[in-house]
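Below, each chain spelled out in residue letters.
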Amino acid sequence: MAKKNVILLIIDTLMLPFLKKAVDNKMAPAFAFFMKHGTASEIISPFPTMSVNVESSLLTGHYSDVHHVPGLVWFHDEEKRLINYGTNASELLQLGLATSLKDPLYNINHEHLNKKAATIFEELSKKGKNSASINGLLYRGSQEKVMQLPFLLSLLPTFHRSLTVKGPDLLTYGSFIKQNPFAKYGHFWQRFGFNNRFSAQELIYLIKNHSLPPFTMVYFPDMDQIIHKKGVEDLSGIVKTDRELQKVLDSFHSWEEALKNNVWIIMGDNGQAVVRPRNQNPLIHLEKLLSPYRITKLSKGVRKDDDIVLAVNQRMAFVYLLQPNHSLEEIANILKTDARIDVIAWREEEEKIKVVSGRREGMLMFKKGGQWEDPYGNMWTLNGDIEVLDIFTEGSRIKYGEYPDALARLHAAALSHKGQFLMISAYPGFEFKYGSSPVHVGGASHGGLHQHDSLAAIIVSGTERLPKYNRMIDVKDWILSMLDS
Ligand SMILES: [Zn+2]
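None of these values were measured; they are calculated from a predicted model. (Residues numbered from 1 in each chain as written. Predicted model: local features only at pLDDT ≥ 70, side-chain atom pairs only at ≥ 80, totals over all residues. Heavy atoms only, no water.)

## Thoughts on the coordination of the zinc ion
So, point 1. The protein atoms that coordinate the zinc ion are Asp224 (OD), Asp224 (OD), His228 (NE2) and His446 (NE2), at distances spanning 2.0 to 2.7 Å.
So, point 2. Geometry at the zinc ion is irregular, judged from its four donor atoms and the angles of 54 to 155 degrees they form at the metal.
So, point 3. In primary-sequence terms, the residues that donate to the zinc ion follow D-x3-H-x217-H. With Asp224 and His228 both in helix H10 (residues 223–230), this residue pair falls four residues apart, about one helical turn.
So, point 4. Asp224 gets classed as buried once you look at its relative accessible area, which sits at 11%. (Donors = N, O, S within 2.8 Å, 3.2 Å for Na, K, Ca; no water. Tetrahedral: all angles 85-135°; square planar, octahedral: opposite > 155°, others 65-115°. Helix = DSSP H or I, 4+ residues; strand = E, 2+ residues; numbered from the N terminus. Buried < 20%, exposed > 50% of the residue type's maximum accessible area, 1.4 Å probe, protein only.)

## What about the side chain of Thr119?
So, point 1. Mapped onto the secondary structure, Thr119 falls in the loop between helix H6 (97–112) and helix H7 (120–126).
So, point 2. The class for Thr119 is buried, based on a relative accessible area of 0%.
So, point 3. The residues contacting Thr119, other than those within four sequence positions of it, are Leu59, Leu113, Arg140 and Lys476. (Contact = heavy atoms within 4.5 Å.)

## Details of the sheet that holds strand S8 (residues 170–172)
So, point 1. Ordered by their spatial adjacency, seven strands build an open sheet running S2-S24-S10-S1-S9-S5-S8, and the pairing between neighbours is mixed. In this open sheet, the two strands that pair with only one neighbour each are strand S2 (38–44) and S8. Adjacent strand axes in the sheet meet at a mean angle of 15 degrees, parallel and antiparallel pairs treated alike.
So, point 2. The pairing of strand S1 (residues 5–11) with strand S9 (residues 215–220) spans six bridges and is parallel. In the strand pairing of S9, Ile7 is matched with Thr216. (Pairing = 2+ DSSP bridges. Axes fitted to C-alpha atoms, helices over the stretch in contact; angles between N-to-C directions.)

## Structural notes on the environment of Val73
So, point 1. Inspection of the secondary structure assignment puts Val73 in strand S3 (residues 73–76).
So, point 2. Along the sequence, Val73 and Tyr85 sit twelve residues apart, while their C-alpha atoms lie 6.6 Å from each other.

## What to know about the packing of aromatic side chains
So, point 1. Applying the stated rule across the entire model yields 15 aromatic pairs.
So, point 2. On the numbers, 6.0 Å between centres and 50 degrees between planes, the contact of Tyr173 with Phe176 is tilted.
So, point 3. For Tyr173, a relative accessible area of 5% translates into the label buried.
So, point 4. On the numbers, 6.1 Å between centres and 75 degrees between planes, the contact of Phe252 with Trp264 is edge-to-face. Here Trp264 lies in strand S10 (residues 262–267) and Phe252 lies in the loop between helix H11 (236–250) and helix H12 (255–260), a separation of twelve residues in the sequence.
So, point 5. These aromatic residues form a ring-pair network of at least three members: Phe33, Phe34, Phe252, Trp255 and Trp264.
So, point 6. Taking the ring centre of Tyr427 as reference, the NZ or CZ of Arg359 above it sits at 3.5 Å. (Phe/Tyr/Trp six-rings, centres within 6.5 Å; stacked < 30°, edge-to-face > 60°. Lys NZ or Arg CZ within 6 Å of the ring centre and 35° of its normal.)

## Focus on the environment of Val355
So, point 1. By the secondary structure assignment, Val355 is in strand S16 (residues 353–357).
So, point 2. Not counting residues within four places of it along the chain, the set of residues in contact with Val355 comprises Val343, Ile344, Ala345, Gly362, Met363, Leu364, Phe366, Val388, Leu389 and Leu410.

## Considering the pattern of salt bridges
Once the charged atoms of two side chains with opposite charge are near each other, the side chains can pair.
So, point 1. Applying the stated rule across the entire model yields 23 salt bridges.
So, point 2. Note that Arg315 and Asp453 form a salt bridge whose closest N and O atoms lie 2.7 Å from each other. Of this pair, Arg315 sits in the loop between strand S13 (308–313) and strand S14 (316–321) while Asp453 sits in helix H16 (residues 451–454), and the two are 138 residues apart along the sequence. Note on accessibility: Arg315 and Asp453 belong to one class, buried.
So, point 3. Across the salt bridge formed by Glu348 and Lys354, the nearest N and O atoms sit 3.3 Å from each other.
So, point 4. By sharing partners, the salt bridges in this structure join Arg294, Arg303, Asp305 and Asp306 into a single network. (Salt bridge = Lys/Arg side-chain N within 4 Å of Asp/Glu carboxyl O.)

## What about the pairing of strand S5 (residues 131–134)?
So, point 1. Of the two faces of S5, the one holding Ser131 and Ser133 and the one holding Ala132 and Ile134 are both buried throughout.
So, point 2. Relative to S9, S5 is paired through four bridges, and the arrangement is parallel. The residue of S9 that forms the bridge with Ile134 is Val218.
So, point 3. Inspection of the sheet shows S5 paired to S8 by three bridges, in the parallel sense. Its bridge partner lying in S8, Ile134 is registered against Thr172.

Here it is, written out as structure tokens:
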């Protein structure tokens, strides 16, 4: 049998229960086709459950302790500045547009993503195999590529008209660098091509030109915003995405032919949890809770006597402590008085992690290595109240409840970057708010450790093989092994 190409479609916020509902109601024929000729299940996203962290984990096969992209927003301890890959324009403006735009456009791939953590594109290149990335925010590969920046961006002091980056053999990054010279939907009001139609159009271009490489990754961004606004039950994002998938399938002689020479992996990047309506206290205002402390203002940058920097990732936040006369535990004790805050965790000496909760009594302390084995073959030492993380024991094994792969994901996030910080995750229904961080009252949001944020759908068609475990960090090795054998 000839070797199949692997096509990985990442559909932002694709969740299994709602996908099934759309398919059962005959609203999504393309998804239904892939599911009929394959398997559909759930896969665990890294923590925080934010796209840039997810993509970094997918590409490198590791959590953020290895790949070093902690979240959408985080504090760079050496540079003493907040990194924000783009929650919204007003936040970027406050941070100083020129420097902050360089973070999503260049630094994330070439400075922050650990150079020692090889991406799937880099590994394939070493094996002499070509690959393609279409609209992925993370795309680092081995080939030099030149992006053409739009005129407006080139007016900013840090930028020129073109930007040299390292990508896979075929790289599409919005309309800055693309395959189809006649591509539509790439204007600035169409987010410079970071939309589903542009992504589909670029993939179809490769299919029609018979230039699909062994591995292609395509990112479809649109559903994220639809779910944020309309809530998790809304199926219109699935219907819209399905229309693009139909176009992709139609670009083959027949839909069946699409499966013949290709393995299709169609997956979400994270889930979303409901955010309650305004009259039910959905927003956790961190500056109110932490009012005894001096919190760094975004527009001012870090001042000498600031106590705390906040990096809000929607339903998750990093809380950084800058002064030695306070302790993380003291801040945790304040935060846990709010029952809307779910998991509160931080690193102590010797890579021990402490966990408390605004909802559950007690304290859990854990570290890597020990006698307890989790479902993924990792061993742990546990002291204190395992109920804090909804963990059960069965003989010498542990099982997870509401927080999938909780120990490894928290441990990785705690070691993902330098600094003294707490990681806090909101209970479903709630979201963190500080300054101009975006909120989704009455809609849905993500970032948290809870299963609602953490479980994405995955459909696999064209192969019987599945990843070793149902975690995103297991996808890279699985794809490489399919392309090897
Ligand atoms: Zn989102």
